[in-house]
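# Geometric and topological summary
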Amino acid sequence: MGRIVTIASSLALLAAGLINVPTGNSKGALERTTERVSQVAPAKPAPAPVPPLVPARSPISLPSDTQILGTSGQRGDRKVLLAAIDHSLRYLRTARAAEDYRRYAIPGITRDRVRRSLERFRQLVVQSKSAEALQAAIEREFVFYQSTGKDGQGTVDFTGYFEPIHEASRVRTKEFSYPIFRMPPDFAAWRKPHPTRQQLEGSDGLQFSKGPLKGLELVWLRDRLEAFLIQVQGSARLHLTDGSMKTIGYAGNTDYPYVGIGRELVKAGKIKPEELTLPAVVQYFKDHPDELDVYLPKNQRFVFFKPTGGSPATGSLGVPVLPERSIATDKSLFPPGALAVIQTQIPVQTASGKLEPQLATRYVLDQDTGGAIKGAGRVDVFMGTGTLAGDRAGLINAPGQLYYLLLK
C-alpha cells in the first residue's frame, strides 16, 4: 500500500511542477528522486460514501397522520391509502419486483420484508379507530429507516407534481399549434448524442417539421409552456375540442439530464430562491413570453408520449399513483413500492379558498421516479389531477424528512 501511495503522490507532485524529472540514466539520479518522493505524506483516504438509508438512531415519534380518518368534519382518505397499498402489493408480486430487489443493496431490506410490512400496515389501517391508535401500533411493531438526505443529516427537499388537464386538439389549427409527440418508431436506432431540444423543435418550438419529429404529432396545445410542462410532469389528461377526453403517458426520452427552468431563472437572478414555485415560473413567462425561447431549450431532454386509454396517472412501477399517497424518489437508492412516511409543508385550502402551507405527516408508497429526482435528498409528492392539484403541487418547495417503515 505504501508503494502505491508513493507513486500516486509522485505523479501528483509532478503534475503540479513541484518535483523535477531526473535527467540521464544514472542510478544515483533515480535513487535521489525515489528518496525525495518517499518523504511525501500519504494521501488521506477518501471518505466513505454516505448510505441513502440508515436505521433511525432513536425511536421516531412523528405527529399522527390525521388525514387517514379525517378531522373537524372533513372526510378522510383511508380508501385512497388502502388502494395505494394494494397497488404496491400488486407490483411486489411481479417478476420485475423480484429483479429490482435482487439489485437492491441496503442490508435488511428485502422484497419479502417490504411485502409483509405492507400487509401488516394494511391490517392496522383497516382496524384502527383513531389516528393515535394507528400511530401507537406502528411505533410498537415497526422500525424506521431514515433517508440521510442531501446533507447526510436527513434533510430532504420536497416538491410536488400532478396530472394536468389541458385543452387540446387532434389537429393543428391557428389556435392549437404546439404539439406533443409520440415515440419515434426508429428511436432505438438514433445515434448518440441525441438531438437536443433546440435541434428537434427550434428555439421557438415550431421548427419540428424540419426534422425527425415530423408526422409524430399526437395532439396539439394552444400554449407552448403547457406543452413543455406536460413533458416535465410525464402525463396529462386532455379535453379535446371535439368534446372527448384523452389521456397520455410517458413513453421515453432523449438521453440528456433534466434541467429545471425554474432553477435556471433563479441562477439568472430572475426569481428569488425562496420564491421559486410553479405559479411564479408560469407568471414570469406570462410577463416575459419572449424568454421562452431562451429558457426552454436549456432543458435539452425531450419526452415522448403514448395514449393511455383513459387510465389514471401511472408511476414508474407500472401502477397508478394516488393523491398525497404516492411519492417519486431515486429508485437506485430507495426500495421500490415500499411504505414510507414523510413530514414536510403541504399546502391546504382554507375556508376562504386560499392555499396555506401546513406541516403535515403522510404515510406514502414509493411508486414513481422522475428526471429531476436524483439522490437521497429529493422527493416528489403526487398531488392528483387538475387545476387545484396543480396549484397545490406548484407551492410545495420545502425541506422535510423521509422514513421507510419495516416490520421488526
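### Things to note about unusual backbone geometry
The linkage connecting Lys192 with the following residue, Pro193, adopts the cis geometry, with an omega of 5 degrees. Tracing the backbone through its elements, the reader meets Pro193 in the loop between strand S5 (178-181) and helix H7 (197-201). Unlike most non-glycine residues, Glu324 shows phi in positive territory, near 60 degrees. Here Glu324 is to be found in the loop between strand S9 (303-307) and strand S10 (326-328).

### Describing the packing of helix H3 (residues 78-92) against helix H5 (residues 111-127)
Each pair of packed helices gets described by two things: the angle between the helix axes and the distance between those axes. At a closest axis distance of 10 Å, the pairing of H3 and H5 adopts a crossing angle of 160 degrees. Between H3 and H5, the angle falls in the class roughly antiparallel. Considering how the two elements wind past one another, H3 and H5 form a crossing that is left-handed. Across the interface between the two elements, Arg78, Leu81, Leu82, Ile85, Asp86, Ser88, Leu89 and Leu92 of H3 pack against Arg111, Val114, Arg115, Leu118, Glu119, Phe121, Arg122, Val125 and Val126 of H5. Classifying every residue of the contact of H3 with H5 gives 10 nonpolar, 1 polar and 6 charged.

### Focus: the pairing of strand S6 (residues 217-221)
Burial runs high along S6: 5 of the 5 residues are buried. Here strand S4 (residues 165-169) pairs with S6 via 2 bridges, running antiparallel. Note on S6: the bridge partner recorded for Ser169 is Trp220. Note: S5 against S6, 4 bridges, orientation antiparallel. Across the sheet, the residue bridging to Pro179 is Trp220, located in S6.

### Details of the packing of H5 against helix H6 (residues 131-141)
At a minimum axis distance of 10 Å, the contact between H5 and H6 shows a crossing angle of 155 degrees. Taken together, H5 and H6 sit at an angle that is classed as roughly antiparallel. Helix-helix and strand crossings are classified by hand; for H5 and H6 the assignment is right-handed. Where H5 abuts H6, its residues Arg120, Phe121, Leu124 and Val125 lie against Leu134, Ala137, Ile138 and Glu141. Tallied by class, residues from the contact of H5 with H6 come to 6 nonpolar, no polar and 2 charged.

### Details of the confidence of the model for the protein chain
Residues with a pLDDT of 70 or more make up 87% of the protein chain, whose mean pLDDT is 87. Scored below 50 in pLDDT, residues 1-39 shows 17 contacts in the model against residues more than four places distant or in partner chains.

What counts, and at which threshold
Residues numbered from 1 in each chain as written. Predicted model: local features only at pLDDT ≥ 70, side-chain atom pairs only at ≥ 80, totals over all residues. Heavy atoms only, no water. Helix = DSSP H or I, 4+ residues; strand = E, 2+ residues; numbered from the N terminus. Axes fitted to C-alpha atoms, helices over the stretch in contact; angles between N-to-C directions. Parallel < 35°, antiparallel > 145°, perpendicular 65-115°, else oblique. Left-handed = near helix turned anticlockwise from the far one by under 90°. Contact = heavy atoms within 4.5 Å. Nonpolar A, V, L, I, M, F, W, Y, C, P; charged D, E, K, R; others polar. Buried < 20%, exposed > 50% of the residue type's maximum accessible area, 1.4 Å probe, protein only. Pairing = 2+ DSSP bridges. pLDDT = per-residue confidence, 0-100.

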